[in-house]
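Each chain is listed here by its residues.
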Amino acid sequence: MTLGPVEYIVVGFPGNKFTGDIAPALAKLIEGKTIRILDLLFVAKDANGDVLAFEFDELDEVADFGELDGETGGLITPDDISYVAAGLEPNSSAALLIWEDLWAAEFAGAVRASGGVLLEGSRVPHDLIEAAFADLPAAV
């Protein structure tokens, strides 16, 4: 099996205003074989700055994530948790998610088979690309 590119994201929830609405959207990506969840962990910082890391089966508010099909566990390290926690304000939380881009696995395999190596890649932040598109002249 060719492994596709693996990505991670940290999604913050200032004020711990987490609704769980992202679970159904993730489920659609999984069902459509766009991504495969490799690991998922939640990190929270209370008002005193104390940090708590937990999985979906440890808190009712994130229980919907337990229904996602994936191979969660084992990739996120204590250093990753510390990194995420350092970026959190008190009384906020975040979801740390690692997934495989199944949609790109065939291309990634072809790059490797041809002797190619990834030299650089990055995600362009939404705000930057939105501003760049807004600055483009209107289509004729």
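Starting afresh in each chain, residues are numbered from 1 along the sequence in its written order. Per-residue local features of the predicted model are confined to residues with pLDDT of at least 70, and side-chain atom pairs are confined, for both listing and counting, to 80 or more; whole-chain, interface and lining totals are unaffected and use all residues. Neither water nor hydrogens contribute to the side-chain values; these are computed over all heavy atoms in the structure.

1. Some remarks on the overall build of the protein
Consideration 1: Only runs of H or I of at least four residues qualify as helices and only runs of E of at least two qualify as strands under DSSP, and these elements are numbered from the N terminus. Check the secondary structure of the protein and you find four helices and four strands.
Consideration 2: Counting from the amino terminus, the protein carries its helices and strands in the arrangement β-α-β-β-α-β-α-α.
Consideration 3: In the protein, buried positions account for 31% of the 140 residues.
Consideration 4: Whether two residues are in contact is decided by their heavy atoms: any pair within 4.5 Å suffices. For the protein, restricting intrachain contacts to residue pairs at least 6 apart in sequence, the fraction spanning at least 24 positions comes to 79%.
Consideration 5: Only the protein chains shown count as cover for residues, and all accessible areas are computed by the Shrake-Rupley method using a 1.4 Å probe. Surface accessibility of the protein: about 9700 Å² in total, with carbon and sulfur atoms responsible for 57%. Throughout this description, buried means an accessible area under 20% of the type-specific maximum (1.4 Å probe, protein chains only), exposed means over 50%, and partly exposed covers the range between.

2. What about the side chain of Glu7?
Consideration 1: When you line up the elements, Glu7 lands in strand β1 (residues 6-14).
Consideration 2: A 3.5 Å cut-off defines polar contacts: any pair of N or O atoms within that distance qualifies, except that in protein one atom must be a possible hydrogen donor and the other a possible acceptor, and neighbouring residues in sequence count only when both atoms are side-chain atoms. Among the polar contacts listed, one links the side chain of Glu7 to the side chain of Arg123, at a separation of 2.6 Å.
Consideration 3: Residues in contact with Glu7, not counting those within four places in the same chain, are Leu97, Ile98, Trp99, Asp101 and Arg123.

3. Describing helix α1 (residues 22-31)
Consideration 1: Taken residue by residue, α1 has Ala23, Leu26, Ala27 and Ile30 as its buried positions. Each buried residue of α1 lies within a common arc of 105° when the element is viewed along its axis, so the set occupies one face.
Consideration 2: In this structure, the buried side of α1 is in contact with β2 (35-45) and β4 (92-101).
Consideration 3: Once α1 ends, the next one or two residues include Lys33, with phi positive near 60°. By definition, the arc is the one covered by directions from the helix axis to the C-beta atoms.

4. Section: the pattern of salt bridges
Two side chains that carry opposite charge are able to pair once their charged atoms sit near each other.
Consideration 1: Salt-bridge detection follows one rule: a side-chain nitrogen of Lys or Arg within 4 Å of a carboxyl oxygen of Asp or Glu. Under the definition given, this model contains two salt bridges.
Consideration 2: Between Arg123 and Glu7 there is a salt bridge, and its shortest N-O distance comes to 2.6 Å. Here Glu7 lies in strand β1 and Arg123 lies in the loop between α3 (105-113) and α4 (126-135), a separation of 116 residues in the sequence.

5. Considering the nonpolar core
Consideration 1: Residues belong to one nonpolar core when they are buried, are Ala, Val, Leu, Ile, Met, Phe, Trp, Tyr or Cys, and are joined through side-chain atoms within 4.5 Å. The biggest cluster of nonpolar side chains holds 13 residues, and the ones touching the most others in it are Leu26, Ile35, Ile37, Phe42 and Leu97.
Consideration 2: Secondary-structure elements contributing two or more residues to this core are α1, β2 and β4.
Consideration 3: If you tally residues by element for this core, the top one is β2, at five residues.
Consideration 4: Counting 10 residues, the second-largest nonpolar core is a separate cluster that includes Leu38, Leu41, Ala85 and Ala94.

6. So, a nonpolar patch on the surface
Consideration 1: Patch definition: residues with relative accessible area over 30% and no salt bridge; like charges joined within 9 Å; nonpolar side chains (Val, Leu, Ile, Met, Phe, Trp, Tyr) joined within 5 Å. A cluster of nonpolar side chains, contributed by Val124, Leu128, Ile129, Phe133 and Leu136, occupies part of the molecular surface with about 510 Å² of accessible area.
Consideration 2: Locating Ile129 in the fold gives a position in helix α4.
Consideration 3: Look at Ile129 and you get partly exposed, because its relative accessible area is 34%.

7. Examining the confidence of the model for the protein
Consideration 1: Confidence in the prediction of the protein, expressed as mean pLDDT, is 85, and 85% of residues score 70 or more.
Consideration 2: Across the chain, each position has a pLDDT score giving the predictor's confidence in that residue, from 0 to 100. Per-element mean pLDDT across the protein ranges from 86 in α1 up to 95 in helix α2 (residues 78-86).

8. A few points about the sheet that holds strand β3 (residues 51-54)
Consideration 1: For two strands to count as paired, DSSP must find a minimum of two bridges between them. Taken in spatial order, the four strands make up an open sheet running β1-β4-β2-β3, and their pairing is antiparallel. One side of each edge strand has no neighbouring strand; the edge strands of this open sheet are β1 and β3. The mean angle between the axes of side-by-side strands here comes to 20°, regardless of whether they run parallel or antiparallel.
Consideration 2: Strand direction decides the pairing type here: β2 and β3, joined by four bridges, are antiparallel. Note on β3: the bridge partner recorded for Lys45 is Val51. Lines fitted to the C-alpha atoms define the axes, with helices restricted to the stretch that makes contact. Angles between their N-to-C directions range from 0 to 180 degrees.

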